[in-house]
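Listed here are the chains, written in short residue letters.
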Amino acid sequence: MLSITGLGGCGEVGKSAFLINSDSTNILLDYGVKIQQETIEYPPIPKRVDAIIPSHSHLDHSGAIPVLSKARIPIYLTDASLELTVLLLKDSVKISERNGQPINFSKKDIYYILKNAKTVKYEKDFFINDVRCRLFDAGHIPGSAGILLSAKNKNIFYTGDMKLEPQYLVNGCSLPREKIDVLITESTYSDRNHPDRKKEEKNFKERIDEALNMNETVLIPSFAVGRAQEILLILKDYRKYIALDGMAQEATKIILRHKKYLKNGPELEEIFMSAKKVKNNKQRDMLLKKPHIIVTTAGMLSGGPAVYYIKKIYNRKNSRILLVGFQVEETPGKILLDTGVFRNNDTKLQVRCKVEKFDFSSHAGKNELFKIIETLKPKQVICVHGDKCGKFAKDIEKEFKIPAIAPKNGDKILVR
Ligand SMILES: [Zn+2]
Ligand SMILES: [Zn+2]
């Protein structure tokens with residue numbers, strides 16, 4: 001018997017976890033968390049797991065792995081994913097301690113991951129019992145992977161988070177050539193297309209030019225892994241103004257150790273070398289005295305140095321905040337965009353500096369998702385990792401005349 005059980009990530013973005021069962025073999029694709037304002041949600045703990053294959057380091061795909069890591073379960077992932085996952089997990093422990101959020105593991109559990117990890121290369125087979133496994137470049141962030149599992153004469157392909165079109169940081173995704181029986185696809189942007197990247201970039205740079213001409217501070221809150229580096233590459237001509245703050249520094253260092261995953265590695269290294277690396281509040285205050293472009297965490301303004309800067313510039317007309325990533329509902333970033341108010345813990349500020357949003361997504365938009373399906377020609381599609389998975393499944397059935405479903409968490413799907 002071959003089956004897929006959605007433990008988490010069904011009809012939601014967060015706590016992705018899919019258990020693939022083939023006779024006596026149980027493989028967990030992703031084991032992530034869903035970080036809410038006050039709590040962290042975990043997927044259920046499966047009875048038996050023979051191996052974990054995380055698609056990439058983002059915590060919605062890997063944040064719960066330490067819960068299982070003591071059990072000496074092997075974890076198969078790319079070398080870049082391993083280092084970045086450990087970085088993000090260590091940070092998540094720090095944040096939850098600071099915010100008083102209960103967390104289901106300790107720092108020590110994170111180090112078990114290093115012990116249990118088996119790093120694998122793209123497009124090279126490895127076996128978990130009788131299940132053949134292969135990773136493909138997912139084009140999302142450095143080291144990210146789509147996962148192909150072959151068992152009982154069936155091929156299951158899981159996209160993880162995927163992007164078809166190339167970014168500056170990484171190339172677009174690679175896809176398997178095998179016939180695909182079941183495609184488990186992300187659906188983050190399944191209901192819309194991204195604006196034209198070149199145009200978006202042009203608008204973004206125009207805003208930056210305008211700001212620098214007026215001697216403004218530009219704050220670019222950014223996710224540490226992937227987006228911060230993409231922004232550095234977009235802003236390569238502005239390098240003398242760039243300052244990098246927060247965890248994005250460490251993430252960039254790790255990413256630069258893995259240039260084989262990068263499209264513009266040497267260029268990123270040059271920009272990183274010339275960027276001001278900010279370490280403390282004294283340096284932050286100095287930066288704000290002259291026009292600078294400050295790239296810093298957290299991308300959704302939930303913490304990190306971004307909060308320190310906002311408290312300093314919110315009332316300044318000669319400053320602007322450019323948001324460059326997806327803002328999840330109820331995060332301070334989304335609330336700021338919707339209401340013009342910055343709210344974080346006890347802080348509530350009416351923001352008077354300029355605030356704008358740009359779309360530099362590392363997820364496939366609707367057209368790209370359709371192209372991926374068109375290329376893979378799966379016999380069946382399972383839509384996950386999105387707010388509108390049900391609608392996407394209907395769109396797929398209409399467009400491709402193949403069965404598509406949007407399961408609920410806990411649903412078990414038999415592969416026949
Ligand atoms: Zn991701
Ligand atoms: Zn994700």
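These notes cover the structure that comes with them.

The rules behind these values
Residues numbered from 1 in each chain as written. Chains lettered and ligands numbered in written order. Predicted model: local features only at pLDDT ≥ 70, side-chain atom pairs only at ≥ 80, totals over all residues. Heavy atoms only, no water. Donors = N, O, S within 2.8 Å, 3.2 Å for Na, K, Ca; no water. Tetrahedral: all angles 85-135°; square planar, octahedral: opposite > 155°, others 65-115°. Axes fitted to C-alpha atoms, helices over the stretch in contact; angles between N-to-C directions. Helix = DSSP H or I, 4+ residues; strand = E, 2+ residues; numbered from the N terminus. Parallel < 35°, antiparallel > 145°, perpendicular 65-115°, else oblique. Left-handed = near helix turned anticlockwise from the far one by under 90°. Contact = heavy atoms within 4.5 Å. Nonpolar A, V, L, I, M, F, W, Y, C, P; charged D, E, K, R; others polar. Pairing = 2+ DSSP bridges. Salt bridge = Lys/Arg side-chain N within 4 Å of Asp/Glu carboxyl O. Buried < 20%, exposed > 50% of the residue type's maximum accessible area, 1.4 Å probe, protein only. Core = buried A, V, L, I, M, F, W, Y, C linked by side-chain atoms within 4.5 Å.

## What about the coordination of the zinc ion (ligand 1)?
Logical step 1: Protein coordination at the zinc ion (ligand 1): the donors are His 56 (NE2), His 58 (ND1), His 140 (NE2) and Asp 161 (OD), at 2.2 to 2.3 Å from the metal.
Logical step 2: Coordination geometry of the zinc ion (ligand 1): the four donor atoms subtend angles of 89 to 167° at the metal centre, consistent with an arrangement described as irregular.
Logical step 3: In primary-sequence terms, the residues that donate to the zinc ion (ligand 1) follow H-x1-H-x81-H-x20-D.
Logical step 4: Between the zinc ion (ligand 1) and the zinc ion (ligand 2) the interatomic distance comes to 3.6 Å, and Asp 161 is a ligand of both metals.

## Description of the packing of helix α12 (residues 366-376) against helix α13 (residues 389-400)
Logical step 1: Viewed as axis vectors pointing N to C, α12 and α13 meet at an angle of 55°, and their least axial separation amounts to 12 Å. Considered as vectors, α12 and α13 are oriented oblique to each other. Viewed along their axes, α12 and α13 form a crossing whose handedness is right-handed. Along the contact surface, α12 presents Lys 366, Leu 369, Phe 370, Ile 373 and Glu 374, while α13 presents Phe 392, Asp 395, Ile 396, Glu 399 and Phe 400.
Logical step 2: By residue class, the composition of the contact of α12 with α13 is six nonpolar, no polar and four charged.

## Quick notes on the sheet that holds strand β15 (residues 242-245)
Logical step 1: Taken in spatial order, the six strands line up as β16-β15-β17-β14-β18-β21 in an open sheet, and their pairing is parallel. Both edges of this open sheet fall to β16 (276-278) and β21 (354-357), since each of them pairs with a single strand only. The mean angle between the axes of side-by-side strands here comes to 20°, regardless of whether they run parallel or antiparallel.
Logical step 2: Note that strand β18 (residues 319-323) and β21 share four bridges and pair parallel. In the sheet register, Leu 323 faces β21, and the bridge partner there is Lys 357.

## As for the coordination of the zinc ion (ligand 2)
Logical step 1: Coordination sphere of the zinc ion (ligand 2), protein contribution only: Asp 60 (OD), His 61 (NE2), Asp 161 (OD) and His 385 (NE2), at 2.2 Å.
Logical step 2: Coordination geometry of the zinc ion (ligand 2): the four donor atoms subtend angles of 88 to 156° at the metal centre, consistent with an arrangement described as irregular.
Logical step 3: The sequence motif formed by the donor residues of the zinc ion (ligand 2) is D-H-x99-D-x223-H.

## As for the pattern of salt bridges
Logical step 1: Tallying each qualifying case throughout the model produces 34 salt bridges.
Logical step 2: The salt bridge partner of Arg 48 is Asp 50, with a shortest N-O separation of 2.5 Å.
Logical step 3: We classify Asp 50 as buried; its relative accessible area is 18%.
Logical step 4: Residue Asp 395 pairs with Lys 391 through a salt bridge whose shortest N-O separation is 3.0 Å. With Asp 395 and Lys 391 both in helix α13 and four residues apart, the pair spans about one turn of that helix.
Logical step 5: For Asp 395, a relative accessible area of 15% puts it in the buried group.

## Side note on the nonpolar core
Logical step 1: Grouped together as the largest cluster of nonpolar side chains are 65 residues, with contacts concentrated most on Phe 204, Ile 208, Ile 220, Ile 231, Leu 235 and Ile 293.
Logical step 2: Every residue in contact with Ile 293, bar those within four places of it in the chain, is listed here: Ile 208, Leu 212, Val 218, Ile 220, Leu 235, Tyr 238, Tyr 241, Ile 242 and Ala 243.
Logical step 3: Counting 28 residues, the second-largest nonpolar core is a separate cluster that includes Phe 18, Phe 126, Ala 151 and Val 182.

## As for the pairing of strand β14 (residues 217-221)
Logical step 1: β14 sits mainly inside the fold: five of its five residues count as buried.
Logical step 2: With burial as the criterion, each face of β14 is covered, one bearing Thr 217, Leu 219 and Pro 221 and the other bearing Val 218 and Ile 220.
Logical step 3: Inspection of the sheet shows β14 paired to β18 by three bridges, in the parallel sense. The partner of Leu 219 across the bridge, within β18, is Ile 321.
Logical step 4: Taken together, the four bridges between β14 and strand β17 (residues 293-296) define a ladder with parallel strand orientation. The residue bridging Pro 221 from the neighbouring strand is Thr 296, located in β17.

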